[in-house]
Amino acid sequence: MSNPQGSWTGGTLTARTFLKPHQVARAVFHPAWIPEAVDPSVEQLKRVRVIAGAVAALGVYTFVEGGFAFDEMLDNAATASAVLFFLTPLTVGVMLYVWRRGGTVRQLREPLVNSLKLLLLFIGSVFTTVLLFRLGDAFGVLPKLVLTLAGLWMAFFAIAGAVKLSGNFFGSAAVHRGLPPLLATVTTWLMAIPDLVTGDLHGLSLTMGIVFILGAPVTVTGISLLELRRLRRRYGVRLTAHPATLPRIVPQPLRPPQPPQYAPNAQNGFLPPQGNPYGSPYGNPYGQPQGNPYGGPFAPGPGNPYGPRPPYNPQNPYGS
């Protein structure tokens, strides 16, 4: 589970990359030590889980609030980050207790430390984004402009990082392939529990309030269960088994690209067949035949068969 590249980002960051925060987030929050996807269908389920959870949460939130309140979203992001800081290690600790009979914690020390680093990086980026926007209101026009630009860069960075981390969930797939869907499910339900306990329906009717509160956790839970089921049936990955006891999973290789049917450098991408298209496949039927057309043991001898013959000179078979 060590990083074969010897670098967190695998050497993908350059000076020009920092002009694009989403590329920096891709390098930072999806480092080289995170294992590749075992199956394109499982990776697609992860994307569906992320998109469905975001739509169910942000879509209903925007409908309830009648708009997009940026300041309140910053407060909610900070609160969610604080919840993740306590919830993720707690959930992983429970699973380590479940796995205690199949192996030791020391076998998983390196991926666990790397996942904790990812968690701290993300939480730090979220709180830095909130701090930059809050400080912008306390200064003049020019400092506020600079801090706002920096805050926007950090906001794009944090959002792109959240998308990346929702798929691998802080690199927990390096510890166990079943941890990302489990952590996603636990996190969404824990965010909904306070509203369920307090009965805070955000001023909505009972039906709309239930949809608002349970939309994201129910959606994420259903897709996560499907993901875990596919991992168990196709690859033998059981959530209750220690990672050291699981079979080694080799990612499916990508299919090689099919050769083009037409020449890429030809005009209009089409290359006509070479040679004479009207020629006979058996050669020229009207030309001079090649070789002896008769063959066989009775083929005529060399020379002109119609040329003059030598004079006939009979001999006496009985002697003179």
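Fair warning: this is a prediction, and the values are worked out from it, not measured in the lab. Residue numbers here run from 1 along each chain, matching the order of that chain's written sequence. Local features are withheld for residues below a pLDDT of 70 in this predicted model, meaning they are given only at 70 or higher, and side-chain atom pairs are given and counted only at 80 or more; totals for whole chains, interfaces and linings count all residues. Computation of side-chain values: all heavy atoms of the structure, hydrogens and water removed.

1. Here's the deal with the overall build of the protein
Where we set the bar: Secondary structure elements follow DSSP: runs of H or I of four or more residues count as helices, runs of E of two or more count as strands, with numbering from the N terminus. Whether a residue is buried, partly exposed or exposed follows from its accessible area with a 1.4 Å probe, protein chains only, as a fraction of its type maximum: under 20%, in between, or over 50%, in that order. Contact between two residues is taken to exist if any of their heavy atoms lie within 4.5 Å; hydrogens are not considered. Computed by Shrake-Rupley with a 1.4 Å probe, the accessible areas treat only the displayed protein chains as cover when residues are assessed.
Within the protein one finds seven helices and zero strands. When the helices and strands of the protein are placed in sequence order, the string is α-α-α-α-α-α-α. A burial count over the protein gives 33% of its 320 residues as buried. Relative to all contacts within the protein whose residues are 6 or more apart in sequence, the contacts with residues 24 or more apart total 74%. For the protein, the computed accessible surface area is about 21,500 Å², with 63% contributed by carbon and sulfur atoms.

2. Observations concerning the nonpolar core
Here is a general trend for soluble globular proteins: nonpolar side chains tend to be buried in one another's company. For clarity, the threshold we go by: Think of a nonpolar core as a cluster: buried Ala, Val, Leu, Ile, Met, Phe, Trp, Tyr and Cys residues, connected wherever their side-chain atoms sit within 4.5 Å.
Of all hydrophobic cores here, the largest spans 34 residues; its most connected members are Phe-29, Trp-99, Leu-118, Phe-122, Phe-157 and Phe-170. For this core, the secondary-structure elements that each account for two or more residues are α1 (21-29), α3 (70-98), α4 (109-136), α5 (141-168) and α6 (179-198). When residues of this core are assigned to their parent elements, the largest contribution, seven residues, is made by α4. Setting aside chain neighbours within four positions, we find Phe-157 in contact with Pro-21, Val-24, Ala-25, Val-28, Phe-29 and Ser-125.

3. Observations regarding the confidence of the model for the protein
Selection rule: Values of pLDDT, which run from 0 to 100, indicate the predictor's confidence residue by residue.
The share of residues in the protein with pLDDT of 70 or more is 63%, and the mean pLDDT across the chain is 74. Taken element by element, the predicted model of the protein shows its lowest mean pLDDT in helix α2 (residues 40-65) (62) and its highest in α4 (90). Segment residues 1-5 is flagged for pLDDT under 50; beyond a separation of four residues in sequence, or across chains, it makes twelve contacts in the model.

4. Description of the environment of Ser-115
One can find Ser-115 in helix α4. Sequence-wise, Ser-115 and Ala-174 are 59 residues apart; in three dimensions their C-alpha atoms are separated by 8.2 Å. Once residues within four sequence positions are removed from consideration, Ser-115 is found in contact with Trp-33, Phe-170, Gly-171, Ser-172 and Val-175.

5. Notes on the packing of aromatic side chains
Selection criterion: The rule is short: rings of Phe, Tyr and Trp, with Trp giving its six-membered ring, pair when the centres are within 6.5 Å, and they are stacked under 30 degrees, edge-to-face over 60, tilted in between. A ring has a charge above it when a Lys NZ or an Arg CZ is no more than 6 Å from the ring centre and no more than 35 degrees off the ring normal.
Here the structure, examined in full by the defined rule, presents six aromatic pairs. Relative to Phe-122, the ring of Phe-29 lies with its centre 6.1 Å away and its plane at 80°, an arrangement referred to as edge-to-face. Placement of Phe-29 in helix α1 and of Phe-122 in helix α4 is noted, with a sequence separation of 93 residues between them. Taking the relative accessible area as the measure of exposure, Phe-29 reaches 0% and is therefore buried. Summarising the aromatic geometry, the rings of Phe-29 and Phe-157 are spaced 5.1 Å apart at their centres and angled 45° between planes, so their arrangement reads as tilted. Residue Phe-29 is located in helix α1, and its partner Phe-157 is located in helix α5; the two are separated by 128 residues in the primary sequence. We note Arg-100 situated over the ring of Tyr-97; from NZ or CZ to the ring centre the distance is 4.1 Å.

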